[in-house]
Amino acid sequence: MTEKYIEACLPVDISDDDIYEAMREIPGYLDITPGDFKEVYLSAYRHAVLRLTRSVRVAEVMTKTVVSVTRKMPINLVAELMAEKKVSGIPVLENDGTVAGIISERDFMVTMGVGGAGTFMEVIATCLRGGSCLTAPLSERLAEDIMTSPPVTVKPETTLLEAANIMATRGINRLPVVDDMGHMVGIASRADVVRSSLVR
Amino acid sequence: MEFLAKMKGSTKSPPRVSGTEVLLAWLGSFVGIAAVAFISEKVVQASGVVLVIGSFGASAVLIYGAIKSPLAQPRNLVGGHLLSAVIGVAAFKLFHGIPWLAASIGVATAIAVMHVTKTLHPPGGATALIAVVGGDAIHSLGFTYVLVPVGAGVAIMLLVALIFNNIPKHRRYPEFWW
């Protein structure tokens, strides 16, 4: 899994011809074949990605100002808030600031999609089939009814590599970051991880 | 079948160097070998020893013709020749009764030692071999072979490489000393 994730980060599929051309531009005889250079390059790139993902901590890339909701918030308000803040997922907090769960777009879709896989297209398909467009089952329900709980969380000192692997293996898009007391201090999204891997 | 497939090779040969590079390699090796051969002829031969051995031709390829190569750096040039010379002489002294064994042990051990000491320099293999197959003139030198011709010749070639390879604007030598 680790290998797969890191391969996905490789930006350039460098070819022997590219290396050949680059070697031509350097005056003097280079005592290496294009094939060997490519091997060195790919391996060095992998090391660089590992070094960055190992040395960078979640605390450095997480979003710190997080919109959150409470357990008892009706989900129509949750939806309004998520729409207004343009977020695709929102943490549900207990009164003491610990994380009770997390609500993503998918949780809404599962609720609306009458079971099933909870994809957006499934909701569309059910609507087009002439169903009651599925908003009915949503009314009067609360955040705690549809949230995914318990949530998968990470610590601020978790490395980016671990966080990326958790997201990839669990198939989730965001991880609440909690301190030792369990209080939420931020949220690390897939976008945060990708941005930090590529921009540095 | 994988065994045979490996013999097909997997990549292409590096590009040809520019005409300038060819010219510089020619000039550098001309000056380097000329210096060693001239001194050998005019100065050292009077005292009965030669300064030129075949492996210097191979060193010239590297230190004037492929100067960026790790194999061509001073550590490799000096270390490779000196260590190989010692090993070659020792191999002859120990196994001269069985010439083929003395030759092969000398070269093989020289390569291993150069690897271990990070001084791999292909001409070193020739330097070790010459100590065994170089005839009476070489054999009679004993371990002096390490200093003259090997050490002295290498010093002259290195000096020429340091001066010559740093004159052209886009050329520099060495990449590293140690």
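From a predicted model like this one, the values you see are computed outputs, not experimental measurements.

Draft legend 1. Layout of the packing of aromatic side chains. By the definition in use, this model includes two aromatic pairs over all chains. Taking 6.3 Å as the distance between ring centres and 45° as the angle between the ring planes, the aromatic pair formed by tyrosine 41 of chain A and tyrosine 45 of chain A counts as tilted. With tyrosine 41 of chain A and tyrosine 45 of chain A both in helix α3 (residues 34-55) and four residues apart, the pair spans about one turn of that helix. Seen from their ring centres, tryptophan 26 of chain B and phenylalanine 30 of chain B are 5.2 Å apart, and the 5° between their planes marks the pair as stacked.

Draft legend 2. Structural context of the interface of chain B and chain A. With 15 residues of chain B in contact, the opposing surface of chain A contributes 15 residues. Between chain B and chain A the total buried area reaches about 1,200 Å² when both faces are included, carbon and sulfur atoms providing 67% of it. Taken as a group, Lys12, Pro15 and Lys68 of chain B account for 44% of the area that chain B buries against chain A, more than any other trio of residues on that side. For the pair chain B and chain A, the interface holds one salt bridge. Taken together, the links from chain B to chain A amount to five residue pairs in polar contact (both at pLDDT 80 or more).

Draft legend 3. Up close: the pairing of strand β3 (residues 99-104) of chain A. Most of β3 of chain A is tucked away: six of the six residues are buried. Hairpin connection between strand β2 (residues 89-93) of chain A and β3 of chain A: a loop of five residues separates the two successive antiparallel strands, and glycine 97 of chain A in this loop has a positive phi of roughly 90°.

Draft legend 4. Spotlight on helix α5 (residues 75-85) of chain A. All names here are of chain A. All of the buried residues in α5 are Ile75, Val78, Leu81 and Met82. The arc that holds every buried residue of α5, seen down its axis, measures 110°, which confines them to one face. Residues of α5 that are exposed and point over 90 degrees away from its buried face: Asn76, Glu80, Ala83 and Glu84. Tucked into the core, α5 has its buried residues touching β1 (69-70), β2, β3, α6 (105-112) and α8 (143-146).

Analysis parameters
- Residues numbered from 1 in each chain as written.
- Chains lettered and ligands numbered in written order.
- Predicted model: local features only at pLDDT ≥ 70, side-chain atom pairs only at ≥ 80, totals over all residues.
- Heavy atoms only, no water.
- Phe/Tyr/Trp six-rings, centres within 6.5 Å; stacked < 30°, edge-to-face > 60°.
- Helix = DSSP H or I, 4+ residues; strand = E, 2+ residues; numbered from the N terminus.
- Contact = heavy atoms within 4.5 Å.
- Buried area = accessible area lost by both parts, 1.4 Å probe.
- Salt bridge = Lys/Arg side-chain N within 4 Å of Asp/Glu carboxyl O.
- Polar contact = N/O pair within 3.5 Å; in protein donor to acceptor, adjacent residues only side chain to side chain.
- Buried < 20%, exposed > 50% of the residue type's maximum accessible area, 1.4 Å probe, protein only.
- Pairing = 2+ DSSP bridges.
- Arc of directions from axis to C-beta.

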